[in-house]
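# Descriptive structure summary
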Amino acid sequence: MLDKDGYRPNVGIILCNHQGKVLWARRSARDGWQFPQGGMRSSETPEQAMFRELDEEIGLQPDHVRVIGRTRDWLHYDIPDRMRSSGPRSVFRGQKQIWFLLQLLGSEDEVSLDRSERPEFDAWRWVDYWSTLDQIVYFKRDVYRQALEELEPLIATVTS
(Lines give C-alpha, C1' and ligand atoms only; values in the text may rest on other atoms or scores of the structure.)
Protein backbone atom coordinates (compact mmCIF):
# COMPACT_ATOMS: atom_id res chain seq x y z
CA MET A 1 0.00 0.00 0.00
CA LEU A 2 1.59 3.26 -1.14
CA ASP A 3 0.26 6.79 -0.99
CA LYS A 4 0.07 8.96 -4.10
CA ASP A 5 3.67 10.15 -3.57
CA GLY A 6 5.14 6.63 -3.33
CA TYR A 7 5.45 6.35 0.46
CA ARG A 8 4.44 3.27 2.43
CA PRO A 9 2.52 4.06 5.66
CA ASN A 10 4.43 2.80 8.68
CA VAL A 11 4.57 3.15 12.46
CA GLY A 12 7.64 3.53 14.67
CA ILE A 13 7.82 2.58 18.35
CA ILE A 14 10.03 4.20 20.96
CA LEU A 15 9.60 2.10 24.10
CA CYS A 16 11.15 3.46 27.28
CA ASN A 17 11.66 2.09 30.75
CA HIS A 18 11.22 3.94 34.06
CA GLN A 19 14.74 5.35 33.82
CA GLY A 20 14.06 6.93 30.42
CA LYS A 21 16.23 4.42 28.51
CA VAL A 22 14.81 3.20 25.21
CA LEU A 23 14.58 -0.26 23.70
CA TRP A 24 17.05 -0.68 20.83
CA ALA A 25 16.79 -3.86 18.75
CA ARG A 26 19.15 -5.60 16.33
CA ARG A 27 17.74 -6.74 12.99
CA SER A 28 17.86 -10.53 12.66
CA ALA A 29 20.94 -11.82 10.86
CA ARG A 30 22.18 -8.26 10.27
CA ASP A 31 24.34 -5.77 12.05
CA GLY A 32 21.81 -2.91 12.04
CA TRP A 33 20.02 -1.68 15.15
CA GLN A 34 16.77 0.30 15.19
CA PHE A 35 13.52 1.00 16.98
CA PRO A 36 10.69 -1.44 16.28
CA GLN A 37 8.66 -0.32 13.29
CA GLY A 38 6.42 -1.79 10.65
CA GLY A 39 4.00 -1.23 7.84
CA MET A 40 0.35 -0.43 8.25
CA ARG A 41 -2.41 -2.52 6.73
CA SER A 42 -5.01 -0.64 4.70
CA SER A 43 -7.70 -1.28 7.32
CA GLU A 44 -5.61 -0.13 10.31
CA THR A 45 -5.28 3.13 12.14
CA PRO A 46 -1.73 4.07 13.20
CA GLU A 47 -2.51 3.03 16.79
CA GLN A 48 -3.87 -0.36 15.71
CA ALA A 49 -0.77 -0.95 13.59
CA MET A 50 1.48 0.09 16.49
CA PHE A 51 -0.12 -2.44 18.86
CA ARG A 52 0.08 -5.20 16.22
CA GLU A 53 3.76 -4.45 15.55
CA LEU A 54 4.45 -4.24 19.30
CA ASP A 55 3.15 -7.80 19.66
CA GLU A 56 4.74 -9.21 16.50
CA GLU A 57 8.18 -7.69 16.96
CA ILE A 58 8.75 -7.55 20.72
CA GLY A 59 5.94 -9.66 22.19
CA LEU A 60 4.23 -6.96 24.25
CA GLN A 61 0.49 -6.50 24.65
CA PRO A 62 -1.42 -3.22 25.19
CA ASP A 63 -1.57 -3.81 28.95
CA HIS A 64 2.25 -4.03 29.11
CA VAL A 65 2.65 -0.40 28.01
CA ARG A 66 1.31 3.10 28.40
CA VAL A 67 1.02 5.31 25.34
CA ILE A 68 2.70 8.57 26.28
CA GLY A 69 2.35 10.31 22.94
CA ARG A 70 2.77 10.25 19.19
CA THR A 71 4.00 12.51 16.44
CA ARG A 72 1.44 14.96 15.11
CA ASP A 73 2.11 14.33 11.43
CA TRP A 74 3.70 11.81 9.10
CA LEU A 75 7.50 11.86 8.99
CA HIS A 76 9.03 10.75 5.66
CA TYR A 77 12.27 9.14 4.59
CA ASP A 78 13.45 8.08 1.16
CA ILE A 79 15.06 4.73 0.48
CA PRO A 80 18.37 5.15 -1.40
CA ASP A 81 18.04 4.53 -5.15
CA ARG A 82 20.28 1.48 -5.03
CA MET A 83 17.88 -0.19 -2.56
CA ARG A 84 14.70 0.46 -4.54
CA SER A 85 13.13 -1.72 -7.20
CA SER A 86 14.23 -0.57 -10.61
CA GLY A 87 11.19 -1.71 -12.57
CA PRO A 88 9.49 0.82 -14.83
CA ARG A 89 6.28 0.70 -12.79
CA SER A 90 7.97 1.05 -9.40
CA VAL A 91 6.90 4.26 -7.70
CA PHE A 92 8.07 3.29 -4.19
CA ARG A 93 10.12 6.15 -2.69
CA GLY A 94 10.30 5.27 0.98
CA GLN A 95 8.21 5.30 4.12
CA LYS A 96 6.04 7.75 5.97
CA GLN A 97 5.75 7.13 9.68
CA ILE A 98 3.77 8.02 12.74
CA TRP A 99 5.98 7.56 15.80
CA PHE A 100 4.73 6.49 19.23
CA LEU A 101 6.42 6.96 22.59
CA LEU A 102 5.48 4.17 25.01
CA GLN A 103 6.42 3.36 28.57
CA LEU A 104 6.96 -0.24 29.65
CA LEU A 105 4.68 -0.87 32.62
CA GLY A 106 5.59 -4.45 33.38
CA SER A 107 8.83 -6.34 33.55
CA GLU A 108 11.40 -6.34 30.78
CA ASP A 109 11.20 -10.15 31.03
CA GLU A 110 7.96 -9.83 29.05
CA VAL A 111 9.88 -8.68 25.97
CA SER A 112 9.93 -11.59 23.52
CA LEU A 113 11.56 -11.38 20.10
CA ASP A 114 10.25 -14.70 18.79
CA ARG A 115 6.53 -14.02 18.52
CA SER A 116 6.41 -14.33 14.73
CA GLU A 117 7.41 -17.07 12.31
CA ARG A 118 10.31 -14.91 11.04
CA PRO A 119 11.47 -12.70 13.92
CA GLU A 120 12.43 -9.16 12.96
CA PHE A 121 15.02 -8.89 15.74
CA ASP A 122 17.49 -11.26 17.41
CA ALA A 123 18.73 -9.05 20.29
CA TRP A 124 17.76 -5.95 22.21
CA ARG A 125 19.13 -3.63 24.89
CA TRP A 126 18.30 -0.42 26.75
CA VAL A 127 20.17 2.65 25.46
CA ASP A 128 20.20 6.40 26.06
CA TYR A 129 17.44 8.26 24.24
CA TRP A 130 19.69 10.34 21.97
CA SER A 131 22.38 7.69 21.37
CA THR A 132 20.20 6.10 18.71
CA LEU A 133 21.01 8.86 16.21
CA ASP A 134 24.65 7.77 16.11
CA GLN A 135 23.70 4.16 15.43
CA ILE A 136 20.84 4.29 12.94
CA VAL A 137 21.39 3.82 9.21
CA TYR A 138 22.07 7.17 7.55
CA PHE A 139 18.89 7.41 5.45
CA LYS A 140 16.64 7.10 8.52
CA ARG A 141 18.63 9.57 10.64
CA ASP A 142 16.56 12.70 9.87
CA VAL A 143 13.27 10.95 10.64
CA TYR A 144 14.68 9.63 13.91
CA ARG A 145 15.87 13.13 14.81
CA GLN A 146 12.44 14.62 14.04
CA ALA A 147 10.61 11.96 16.07
CA LEU A 148 13.01 12.21 19.02
CA GLU A 149 12.82 16.01 19.07
CA GLU A 150 9.03 16.07 18.94
CA LEU A 151 8.59 13.39 21.62
CA GLU A 152 11.45 14.46 23.93
CA PRO A 153 9.31 16.78 26.11
CA LEU A 154 7.12 13.76 26.95
CA ILE A 155 9.99 11.57 28.17
CA ALA A 156 10.05 13.57 31.41
CA THR A 157 6.67 12.08 32.34
CA VAL A 158 8.35 8.67 32.54
CA THR A 159 11.19 9.55 34.88
CA SER A 160 9.36 11.96 37.18
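Provided above is the structure to which this section pertains.
Now for a look at the structure at hand. Nothing here was measured: the structure is a model prediction, and the numbers come from that model. (Residues numbered from 1 in each chain as written. Predicted model: local features only at pLDDT ≥ 70, side-chain atom pairs only at ≥ 80, totals over all residues. Heavy atoms only, no water.)

## Topic: the nonpolar core
Membership of the largest hydrophobic core comes to 25 residues, with the highest contact counts inside it found for Ile14, Phe35 and Trp99. Sorting the residues of this core by element identifies strand 1 (7-16), strand 2 (22-27), strand 6 (75-78), strand 7 (94-104), strand 8 (121-127) and helix 3 (141-159) as the ones contributing at least two each. For this core, the element with the highest residue contribution is helix 3, accounting for seven residues. Residues within four places of Phe35 in sequence aside, it is in contact with Ile13, Ile14, Val22, Leu23, Trp24, Trp99, Phe121, Thr132, Tyr144 and Leu148. Among the nonpolar cores identified, the runner-up in size contains 20 residues, and Ile13, Met40, Leu60 and Ile98 belong to it. (Core = buried A, V, L, I, M, F, W, Y, C linked by side-chain atoms within 4.5 Å. Buried < 20%, exposed > 50% of the residue type's maximum accessible area, 1.4 Å probe, protein only. Helix = DSSP H or I, 4+ residues; strand = E, 2+ residues; numbered from the N terminus. Contact = heavy atoms within 4.5 Å.)

## A word on helix 3
Relative to the 27 Å expected for 19 residues at 1.5 Å per residue, helix 3 spans 25 Å between its end C-alpha atoms, a close match to the ideal helical length. Most pronounced at Glu152, the bend in helix 3 amounts to some 55 degrees, and the proline Pro153 follows within four residues. Among the residues of helix 3, Val143, Tyr144, Ala147, Leu148, Leu151, Ile155 and Val158 are the ones counted as buried. (Expected span 1.5 Å × (residues − 1). Bend = angle between axes of the 7 residues up to and from the residue.)

## A closer look at the pattern of salt bridges
Evaluated as defined, the whole model comprises 13 salt bridges. Of the charged contacts, one joins Lys96 and Asp3 as a salt bridge, the two residues approaching to 3.3 Å between their closest N and O atoms. With Lys96 in strand 7 and Asp3 in the segment before strand 1, this pair connects stretches of sequence that are 93 residues apart. In this structure, a network of salt bridges that share partners links the residues Arg41, Glu44, Arg52, Glu53 and Glu56. (Salt bridge = Lys/Arg side-chain N within 4 Å of Asp/Glu carboxyl O.)

## Brief notes about the packing of aromatic side chains
Scanning the model with the defined rule gives nine aromatic pairs in all. Aromatic pair Trp24 and Phe35: ring centres 5.0 Å apart, planes at 80 degrees, arrangement edge-to-face. You can see Trp24 sitting in strand 2 and its partner Phe35 sitting in the loop between strand 3 (33-34) and strand 4 (37-39), a full eleven residues away along the chain. Taking relative accessible area as the criterion, Phe35 reaches 0% and is therefore assigned buried. Judged by centre distance (6.1 Å) and plane angle (80 degrees), the ring pair of Trp24 and Tyr144 falls under edge-to-face. In this pair, Trp24 is assigned in strand 2 and Tyr144 in helix 3, connecting sequence segments 120 residues apart. The residues Trp24 and Tyr144 share a single accessibility class, namely buried. (Phe/Tyr/Trp six-rings, centres within 6.5 Å; stacked < 30°, edge-to-face > 60°.)

## Some remarks on helix 1 (residues 46-58)
Side chains that are three or four residues apart share a direction in an α-helix, a result of its 3.6 residues per turn. Look at helix 1: 17 Å from first C-alpha to last across 13 residues, which is about the 18 Å you get at 1.5 Å a residue. Every buried residue of helix 1 is listed here: Pro46, Ala49, Met50, Phe51, Arg52, Glu53, Leu54, Glu57 and Ile58. Packing partners of the buried residues in helix 1 comprise strand 1, strand 2, strand 4, strand 5 (65-70), strand 7 and strand 8. One or two steps after helix 1, the chain reaches Gly59, where phi turns positive at roughly 70 degrees.

## With respect to the side chain of Glu53
Structurally, Glu53 is set in helix 1. Its relative accessible area of 6% is what places Glu53 among the buried residues.

## Side note on the layout of surface pockets
Taken as a whole, the largest pocket encloses approximately 800 Å³ of empty space. Every element with two or more residues in the lining of the largest pocket is listed here: strand 1, strand 3, strand 4 and helix 1. Partitioned by chemical class, the residues of the lining of the largest pocket number nine nonpolar, nine polar and twelve charged. (1 Å grid on protein atoms, 1.4 Å probe; cavity = no way out; pocket = protein on both sides within 12 Å on 5 of 7 lines; lining within 4 Å. Points joined across faces, edges and corners; volume = space filled by probe spheres on them. Nonpolar A, V, L, I, M, F, W, Y, C, P; charged D, E, K, R; others polar.)

## Observations concerning the environment of Phe100
Relative to the assigned elements, Phe100 resides in strand 7. A relative accessible area of 1% places Phe100 in the buried class. Each C-alpha atom, one on Phe100 and one on Asp122, is 22 Å from the other, the two residues being 22 residues apart in sequence.

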